[in-house]
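A structural walkthrough
Residue strings, one per chain:
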Amino acid sequence: MEEFRRSYGRACRERGGEPQEAVLQRLPRLPRGRLDLAALSLTADTCAALGALLPSQSLWTELVLSDCMLSEEGAVLLCQGLCANTVVQVLDLKGNNLRAAGAEALGKLLRQNQSIQSLTLEWNSLGAWEDAFAIFCGGLAANGALRQLDLRNNQISHRGAEELALALKGNTTLEQLEQAMGHSQDRHAAFQENQARTRTLSREVQHLQEEKSRQYLNLMETIDKQKEEMARSSRAAAACVGQLQEALSERHSIINALKAKLQMTEAALALSEQKAQDLGGLLATSEQERQSLAQRQEKELRLEQQEAAERESKLLRDLSAANEKNLLLRNQVSELERKVKAQQEQLFLTRQELTNTSAELKMRALQAEERLDAEKRRAKQSLEDLERLHAKEVDHMTRHQEESERTLQERVQRLEALRLSLEEELSRAKAAVLSERSQAEEELLKARSQARLEEQQNLTHLEEKMRLLVQARDGAQSTCLQQKQAVAEAQARAGQLSLQVEGQRRRLEDLQRELNDKDQEKVAEVNRVRMELQEQMGRLQADLVAQEALREKVTALERQLKVLAGEHRAALLDRESENAALREKLRLKEAEMARVREEEAQRASFLQNAVLAYVQGSPLRALSPPK
């Protein structure tokens, strides 16, 4: 069994298919000597594999393939495989709806196979194709091994019965044939059952006609009642529609009044919006003026900063010139010391140089005084210009003034440091002179008085220079104080202007709040009016919807009445057509039953004669076929 199972799988795969799982599951449970695949739906590939294995297999003597839904191709392949088989004795092909190709393959099988003794072909369609059934009958006549044949329910016609009778005359081995008598009895029972069903159907049709007539009368009464109810509802709907139209006209008048009120409110709102736009224009104009004023102030402030920078650069240049002069004086002092140390003859030159230096210092002091006077005049002029500046530059001016104050303080500090350095240099010069005087007492006894005088003159000049520097510092400090006063005045003016601007801003905010309050009041009034209009429109829409619902209801009732009337008419027509069709079917059934009775009677007599002739001619006359 396992070998056959492997062979079956290999044969299926060789043909490009897979073995059926149901067949593989059935094979291990089969009894010995019997291949029972009944009620399995066998594919063409399985039939081809079985047909290829059947010629060489020797395991089974019985092959059951009943109710396997064999196709024409599958039946032909199985029969081809069985043609060369010498072991199978029982073949069951019941209920496979074998037709022309199957009948021809079975005829070929009966001609070639000499081992099959029992063949079951019940519930097929072999007799439906007379030519193919004739080939089957020819194979049956040529077979010499078949003992039992079952041909029940195969739609065998008169010609098929004739061919079967001829085949039975030629066959000398068939002992049992199940075909005609049982089939005739089945036909007679079916005929009686059809007659009983026909009588039952006639009674049911009559009962249905009576029932439909009663339903039709009830339906007509219902339609009349519905028409009366629709007339009443139509009259009530007409009255309601009239009332609703009156209410609608009243609502329209109310809506028109509200629309007029809304238009007036919208006009007032537009006027308020125009006023708000005017105020906004004024506000924008004032803002533009403020911006232009701020721009002018910024320009003036930049000019003032440029002038201050120029003044500062001039002061720096003066300071550098003074430093250069100080350096020059130092060089001259050192030159003088070298000349004093070198020789006495150079004292005259040194005096001359000191005289020249004193004159130059005087001249430069005069120039410095003149420059200071010019700076004072420029400062006065700048103060006068500062008084004409606008108050908005106060912050920038304050920062600039603080920076200039810091620079002046730094300048004063540098001047103080310079004075200290000069005093230190003077002290160092005094110490050097004293040391030189102690070293050259002998050489400088005559020039001591002159040196002392020159030193006193130098000290006088230096003290005068220090005094001038102190005066310049005092003037700068006074200038700083004046500028601070100007800044304070500018700050006071800026404060006044800021207070004025703040007052204007508060006034604009008050006007804006009043405008917003008015706008909110107008919007609230408009919203209230709109809400009233929406509520009234909603009520009107509800009334209109109710009217439309009533109209739709009336229309739906009318459509329903029309549909019911049409359905009843269609039902009556359908019932009449059904009754006519049933009558026609009954007539045709009766004619068919009469024809069937005649054909069955003829076929029964013909088959009876054939069987009798077969029995009389058979050598086994003593055996009687079972019925």
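Residues numbered from 1 in each chain as written. Predicted model: local features only at pLDDT ≥ 70, side-chain atom pairs only at ≥ 80, totals over all residues. Heavy atoms only, no water.

Bringing the overall build of the chain into the picture now. In terms of helices and strands, the chain carries eleven helices and six strands. Out of the 627 residues belonging to the chain, those deemed buried represent 30%. Expressed as a percentage of contacts within the chain between residues at least 6 apart in sequence, the contacts between residues at least 24 apart total 85%. If you sum the accessible surface of the chain, you get close to 38,900 Å²; carbon and sulfur atoms cover 53% of it. (Helix = DSSP H or I, 4+ residues; strand = E, 2+ residues; numbered from the N terminus. Buried < 20%, exposed > 50% of the residue type's maximum accessible area, 1.4 Å probe, protein only. Contact = heavy atoms within 4.5 Å. Areas by Shrake-Rupley, 256 points an atom, 1.4 Å probe, with all protein chains shown as cover.)

This brings us to the confidence of the model for the chain. Detailed reading of the predicted coordinates is not advisable wherever pLDDT falls low. The share of residues in the chain with pLDDT of 70 or more is 85%, and the mean pLDDT across the chain is 77. For the stretch residues 619-627, pLDDT sits under 50, and the model shows five contacts to residues farther than four places along the chain or on other chains. (pLDDT = per-residue confidence, 0-100.)

For the rest of this paragraph, the subject is the sheet that holds strand 2 (residues 62-64). Strand order in this open sheet of six strands is 1-2-3-4-5-6, and the pairing throughout is parallel. Two strands bound the open sheet, and with one partner strand each, they are strand 1 (34-36) and strand 6 (176-178). When strand polarity is set aside, the average angle formed by the axes of neighbouring strands in this sheet is 5°. Across three bridges, the pairing between strand 4 (residues 118-120) and strand 5 (residues 148-150) is parallel. Within strand 5, the residue paired with Thr-120 across the bridge is Asp-150. (Pairing = 2+ DSSP bridges. Axes fitted to C-alpha atoms, helices over the stretch in contact; angles between N-to-C directions.)

Among the secondary structure elements, Gly-160 is positioned in helix 7 (residues 158-170). Residues Gly-160 and Glu-130 lie 30 residues apart in sequence; the distance between their C-alpha atoms is 5.9 Å. If we skip the residues at most four places from it in the chain, Gly-160 touches Phe-133 and Cys-137.

Moving on to the environment of Ser-234. Within the secondary structure, Ser-234 is located in helix 8 (residues 180-342). Separated by 316 residues in sequence, Ser-234 and Leu-550 place their C-alpha atoms 9.3 Å apart.

Further remarks concern the packing of helix 5 (residues 100-112) against helix 6 (residues 130-142). Where helix 5 meets helix 6, the closest approach of the two axes is 7 Å, and the angle between their N-to-C directions is 15°. With respect to their mutual orientation, helix 5 and helix 6 come out roughly parallel. Considering only the axes of helix 5 and helix 6, their crossing is left-handed. Counted together, Ala-100, Ala-103, Glu-104, Leu-106, Gly-107, Leu-110 and Arg-111 of helix 5 and Ala-132, Phe-133, Ile-135, Phe-136, Gly-138, Gly-139, Leu-140 and Ala-142 of helix 6 form the full contact between these two elements. (Parallel < 35°, antiparallel > 145°, perpendicular 65-115°, else oblique. Left-handed = near helix turned anticlockwise from the far one by under 90°.)

This next bit is on the pattern of salt bridges. Scanning the model with the defined rule gives twelve salt bridges in all. With a closest N to O distance of 2.2 Å, Arg-34 and Glu-62 form a salt bridge. A residue pair is termed long-range when its members are at least 10 positions apart, and Arg-34 in strand 1 and Glu-62 in strand 2 qualify at 28 residues. For Arg-34, a relative accessible area of 25% translates into the label partly exposed. Taking the shortest distance from any N to any O, the salt bridge between Asp-131 and Arg-159 comes out at 3.4 Å. Here Asp-131 is found in helix 6, whereas its partner Arg-159 is found in helix 7, with 28 residues between them in sequence. We classify Asp-131 as exposed; its relative accessible area is 53%. A network of salt bridges, in which partner residues are shared, links Lys-94, Glu-122, Asp-150 and Arg-152. (Salt bridge = Lys/Arg side-chain N within 4 Å of Asp/Glu carboxyl O.)

On to the nonpolar core, then. Grouped together as the largest cluster of nonpolar side chains are 56 residues, with contacts concentrated most on Leu-42, Leu-106, Leu-121, Phe-136 and Leu-149. Elements represented by at least two residues in this core include exactly helix 1 (2-14), helix 2 (21-26), helix 3 (44-53), helix 4 (72-83), helix 5, helix 6, helix 7 and helix 11 (448-617). (Core = buried A, V, L, I, M, F, W, Y, C linked by side-chain atoms within 4.5 Å.)

With that settled, consider the packing of helix 4 against helix 5. At a minimum axis distance of 9 Å, the contact between helix 4 and helix 5 shows a crossing angle of 5°. Of the possible angle classes, the one that applies to helix 4 and helix 5 is roughly parallel. Together, Glu-72, Val-76, Cys-79, Leu-82 and Cys-83 of helix 4 and Ala-100, Ala-101, Gly-102, Ala-105, Leu-106, Lys-108, Leu-109 and Gln-112 of helix 5 make up the contact between the two elements. Among the residues forming the contact of helix 4 with helix 5, the class breakdown is nine nonpolar, two polar and two charged. (Nonpolar A, V, L, I, M, F, W, Y, C, P; charged D, E, K, R; others polar.)

Moving on, we come to helix 4. Compared with an ideal rise of 1.5 Å per residue, which puts twelve residues at 16 Å, helix 4 spans 17 Å between its outermost C-alpha atoms and is within 8% of the ideal. The inward-facing, buried residues of helix 4 contact helix 3, strand 2, strand 3 (90-92) and helix 5. (Expected span 1.5 Å × (residues − 1).)

A few words now on the state of the cysteines. Under the defined criterion, the tally for this structure stands at zero disulfides. Between Cys-47, a free cysteine, and Cys-68, which holds the nearest cysteine sulfur, the sulfur-to-sulfur gap is 7.9 Å. Looking at Cys-47, the relative accessible area reads 1%, which means it is buried. (Disulfide = S-S within 2.5 Å.)

On to the side chain of Asn-154. Take Asn-154: it is sitting in the loop between strand 5 and helix 7. With relative accessibility at 1%, the residue Asn-154 sits in the buried group. A distance of 3.5 Å separates a polar atom in the side chain of Asn-154 from the backbone nitrogen of Asn-124. (Polar contact = N/O pair within 3.5 Å; in protein donor to acceptor, adjacent residues only side chain to side chain.)

Before going further, it helps to examine unusual backbone geometry. Residues other than glycine seldom take positive phi values, yet Met-69 does so here, at roughly 50°. Tracing the backbone shows Met-69 in the loop between strand 2 and helix 4. Given a relative accessible area of 63%, Met-69 falls into the exposed group. Its identity is not glycine, yet Gln-155 carries a phi of approximately 55°, on the positive side.

Next up on the list: the side chain of Asn-171. Tracing the backbone through its elements, the reader meets Asn-171 in the loop between helix 7 and strand 6. Residue class for Asn-171 comes out buried when judged on its relative accessible area of 3%. One polar contact links the side chain of Asn-171 to the main-chain amide nitrogen of Leu-174, over a distance of 2.8 Å. Leaving out residues up to four positions away in the same chain, Asn-171 has contacts with Leu-140, Ala-141, Asn-143 and Tyr-614.

So, on to helix 3. Helical periodicity: at 3.6 residues per turn, an α-helix aligns residues three or four positions apart in one direction. Counting buried positions over the ten residues of helix 3 gives seven, a clear majority of the element. Taken together, the buried positions of helix 3 are occupied by Thr-46, Cys-47, Ala-48, Ala-49, Leu-50, Gly-51 and Leu-53. Residues of helix 3 that are buried sit in contact with helix 1, helix 2 and helix 4.

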